[in-house]
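# Summary of the model geometry
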Amino acid sequence: MLAPKRAKYRKQHRGMLRGVAHKGTEIAFGEYGLMAEERGLVSSRQLEAARRAITHYTQRGGRIWIRVFPHKPITKKPPETRMGGGKGDVFEFVAAAKPGTILFEMGGVSRDIAVMALRLASHKIGVATKFIEKKALQV
């Protein structure tokens, strides 16, 4: 699973996840993509499950690019713990997805395979997504 190698600070505030994405909104590497339609936090486990679903369906054909990285640590206190005692331990790492963020890209496969593979991946991710294609070059 994806996690940062090192961080300046171990724990972070959750922060606000407002607005729409400005960066990472266009297909840059492949021909097809999976774009987030709502905001949310996508865990490294969800990203790995989606990646495995795509790889399994394409039978390791084509290329896959994961366009988000889980930088944000999420903490959790153990069950049946009394209030107080400070912030809990780091439980998982998540990537913040705003509407318009491209989560996955694919290339080197037919459109039918890409649609089905990315549909399977979308079931593994906790935010609503849609399939997109690279825009044809305007001449």
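Because the structure is a prediction, the values reported are computed rather than measured.

Its place among the elements puts T58 in the loop between α1 (44-57) and β3 (63-66). Among the residues examined, T58 registers a relative accessible area of 11% and is labelled buried. Leaving out residues up to four positions away in the same chain, T58 has contacts with M106, V109, I113 and A117.

Here we take up the sheet that holds strand β7 (residues 129-133). Strand pairing in a sheet relies on backbone hydrogen bonds, with the paired strands running either antiparallel or parallel. With antiparallel pairing, the four strands of this open sheet are ordered in space as β3-β6-β1-β7. Both edges of this open sheet fall to β3 and β7, since each of them pairs with a single strand only. Taken over all neighbouring pairs, the strand axes of this sheet differ in orientation by 20° on average, direction set aside. Pairing of strand β1 (residues 32-36) with strand β6 (residues 102-107), which is carried by four bridges, proceeds in the antiparallel orientation. Looking across to β6, one finds that M35 is bridged to I102. In the packing of helix α2 (residues 111-124) onto the sheet, contacts are made with β1, β6 and β7, and the angle to β1 comes to roughly 25°.

Another point: a nonpolar patch on the surface. A cluster of nonpolar side chains, contributed by L2, I66 and F69, occupies part of the molecular surface with about 200 Å² of accessible area. Within the secondary structure layout, I66 lies in strand β3. A relative accessible area of 33% places I66 in the partly exposed class.

Sheet architecture is open: three strands sit in the order β2-β5-β4, paired in antiparallel fashion. Edge positions in the open sheet fall to β2 (40-43) and β4 (72-76), since each of these has one partner strand only. Across the sheet, the mean angle from the axis of one strand to that of its neighbour is 50°, orientation sign disregarded. Here β2 runs beside strand β5 (residues 89-97); their pairing, made up of four bridges, is antiparallel. Bridge pairing links S43 to V94 in β5. Contacts from α1 reach β2 and β5, with the element oriented near 65° to β2.

Its location among the elements puts E26 in the segment before β1. Given the relative accessible area of 52%, E26 is considered exposed. Placed 70 residues apart in sequence, E26 and A96 show a C-alpha to C-alpha distance of 17 Å. Setting aside residues up to four positions removed in sequence, E26 forms contacts with R67, I102, E105 and K135.

With that settled, consider the nonpolar core. Counting residues in hydrophobic clusters, the biggest one holds 20 residues, and the most contacted among them are I54, L103, F104, M106, L118 and I125. Of all elements in the fold, only β1, α1, β5, β6 and α2 reach the threshold of two or more residues within this core. F104 has contacts with Y32, G33, L34, L47, A50, R51, I54, I64, W65, I66, L118 and I125, leaving out every residue within four places of it along the chain.

The rules we used
Residues numbered from 1 in each chain as written. Predicted model: local features only at pLDDT ≥ 70, side-chain atom pairs only at ≥ 80, totals over all residues. Heavy atoms only, no water. Helix = DSSP H or I, 4+ residues; strand = E, 2+ residues; numbered from the N terminus. Buried < 20%, exposed > 50% of the residue type's maximum accessible area, 1.4 Å probe, protein only. Contact = heavy atoms within 4.5 Å. Pairing = 2+ DSSP bridges. Axes fitted to C-alpha atoms, helices over the stretch in contact; angles between N-to-C directions. Patch = residues over 30% accessible without salt bridge, like charges linked within 9 Å, V, L, I, M, F, W, Y side chains within 5 Å. Areas by Shrake-Rupley, 256 points an atom, 1.4 Å probe, with all protein chains shown as cover. Salt bridge = Lys/Arg side-chain N within 4 Å of Asp/Glu carboxyl O. Core = buried A, V, L, I, M, F, W, Y, C linked by side-chain atoms within 4.5 Å.

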